[in-house]
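Next come the chains, spelled out residue by residue.
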Amino acid sequence: MFRLKENNTTVKTEILAGLTTFCTMVYVVIVNPSILSIAGVPSEQVFTATIIAAVFGTLWLALFANYPIAMAPGMGLNAFFTFTVVQASKGGIDYMTAFSAVFVAGILFFIISLTPLRQMLVKAIPNNLKLAITAGIGLFIAFIGMRSAGLVTGDESNLVKLGDLSSPMVWLTIVGVLVTAILMMYRAFGAIFWGMIVTAIIAAITGNLTFTGVVAMPALPEGILVWNPIEAFGDVIKYGLYGTVFSFILVTLFDTTGTMVGVAKQAGILKDDKLPRARQAFLGDSLSTTIGSMFGTSPTTAYVESSSGVAMGGRTGLTSLTVAVLFLITAFFSPLAGALASVSAITSPALIIVGSLMIGAVRGIEWDKVEEAIPAFLVILIMPLTSSISTGIAFGFISYPLFKLFKGEGKDVHPLLYFFAILFIIQLVFMPH
């Protein structure tokens, strides 16, 4: 089924690769509930929804695309959901409405994935803006990690300031970052996950973590949250969440496409720089985003941590199948995950480290070209300062064609970019955001 001989691999190698990928990304089942719970979503609901989305998306890539790539709710998108869509509305939008926006984004993304439009969008948006979006999200989630742990705190005169360094949570966070960074330095697979475990052990010893249980049957306290497309589209129209839907689609589009191409190239799957079975693969993130929103989690994307499994020899969907099975087993450990997610010092180091990895995208930006550098810089700067991924994207998409026009290179800009720029101007000036 997985064409192991054709791909020059074995069952043992594929299972070991799947175990490696799982260990490098299992932190999501702890971090995702800790972030979405701030928006009011019950942690147990998010935990189970995260598992469902990860299992569905990963199984899809295993069975229909035969790719050694795993999927799960994306870092950055969960922060956007919580802090930009829900919290920034100051009670105007609850998490149920926000999940309607994710549901709509998933449906539209599915339709886009069935057409050539997805490839057109990828080609239309300049590489420097794509890199800037990744870097900006990295800064954004790292800032969230530092703020959640108390490393930085609010200040009336200067917006933010250094937190209380005598706080146990702050010191636990610092230790967590150091432990994780050292593990990564020595290339330990699953460094982020094991860094969280070490931090949790220290937290338990120092009395900052208590366990109420370890194993329990998977549960969805609030059941299915969103299921009616008409009601979901109605919520988006009622609350003017067009920019939110667009941001969910855009970020997932770049994240998944970029990750798939990168990991597929590493695995030797690319044929003449083209993804085989691309349409089957691209349907995975849109469908898992739709299904994940129904149960209570933010959009799903391909995980770059899949490259660790490929480095261990993973070449086929059997690697992904192994990851999916391991996520299913994890579904029975919600009390343990809930306890770990309740202590910000355990999850914050993961956000800071992931942010540091994502900011590395800036190395590919053409900083010596002003017309490329300034729009990219605006994206990176505005995301963390406004706590809004969509606002950062908007400033990049508006400023890029303007700079190109002023330089006399307006013809080099794809028409879709002008269309998006106009939409963003309308959204920023005339609609709530």
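Before reading on, note that the structure itself is shown above.
Below you will find a few notes about this structure. (Residues numbered from 1 in each chain as written. Predicted model: local features only at pLDDT ≥ 70, side-chain atom pairs only at ≥ 80, totals over all residues. Heavy atoms only, no water.)

### A few points about helix α18 (residues 389-406)
Between its terminal C-alpha atoms α18 stretches 26 Å, which fits the 26 Å expected from 18 residues at 1.5 Å a residue. Across the 18 residues of α18, 13 count as buried, placing the element largely inside the fold. G408 occupies a position one or two residues after α18 and carries a positive phi of about 85°. (Helix = DSSP H or I, 4+ residues; strand = E, 2+ residues; numbered from the N terminus. Expected span 1.5 Å × (residues − 1). Buried < 20%, exposed > 50% of the residue type's maximum accessible area, 1.4 Å probe, protein only.)

### Notes on the packing of aromatic side chains
The full count for this structure, using the stated rule, is 12 aromatic pairs. Aromatic pair F397 and F424: ring centres 5.8 Å apart, planes at 80°, arrangement edge-to-face. Here the residue F397 occupies a position in helix α18, and F424 occupies one in helix α19 (residues 415-430), the gap between them amounting to 27 residues. Grouped by ring-pair contacts, the aromatic residues F246, F397, F419, F420 and F424 constitute a single cluster. (Phe/Tyr/Trp six-rings, centres within 6.5 Å; stacked < 30°, edge-to-face > 60°.)

### Re the packing of helix α3 (residues 43-65) against helix α12 (residues 278-295)
Relative orientation of the contacting elements α3 and α12 amounts to 160°, with a least axis distance of 9 Å. The orientation of α3 with respect to α12, classified from their angle, is roughly antiparallel. Of the two elements, α3 crosses α12, and the hand of that crossing is right-handed. Contacts between α3 and α12 pair Q45, A49, I52, A53, F56, G57, W60, L61, F64 and A65 from the former with Q280, A281, L283, G284, L287, S288, I291, G292 and F295 from the latter. Looking at side-chain class alone, the contact of α3 with α12 contains 13 nonpolar, 6 polar and no charged residues. (Axes fitted to C-alpha atoms, helices over the stretch in contact; angles between N-to-C directions. Parallel < 35°, antiparallel > 145°, perpendicular 65-115°, else oblique. Left-handed = near helix turned anticlockwise from the far one by under 90°. Contact = heavy atoms within 4.5 Å. Nonpolar A, V, L, I, M, F, W, Y, C, P; charged D, E, K, R; others polar.)

### A closer look at unusual backbone geometry
Positive phi outside glycine occurs at L159, with the angle close to 70°. Here L159 lies in strand β3 (residues 159-162). We note that R187 has phi near 55°; this positive angle belongs to a residue other than glycine. With respect to the helices, strands and loops of the structure, R187 is situated in the loop between α8 (168-185) and α9 (191-205).

### Considerations on the pattern of salt bridges
Across all of its chains, the model carries 5 salt bridges by this definition. Where E366 meets K369, a salt bridge forms, and the shortest distance between an N and an O atom there is 3.3 Å. Using a relative accessible area of 30% as the deciding quantity, one classes E366 as partly exposed. According to the relative accessible area criterion, K369 is partly exposed, its value standing at 36%. Notably, a salt bridge pairs E372 with K404, separated by 3.1 Å at the nearest N-O pair. Placement of the pair is E372 in helix α17 (residues 370-386) and K404 in helix α18, with a sequence separation of 32 residues. For the pair E372 and K404, a shared accessibility class is recorded, and that class is buried. (Salt bridge = Lys/Arg side-chain N within 4 Å of Asp/Glu carboxyl O.)

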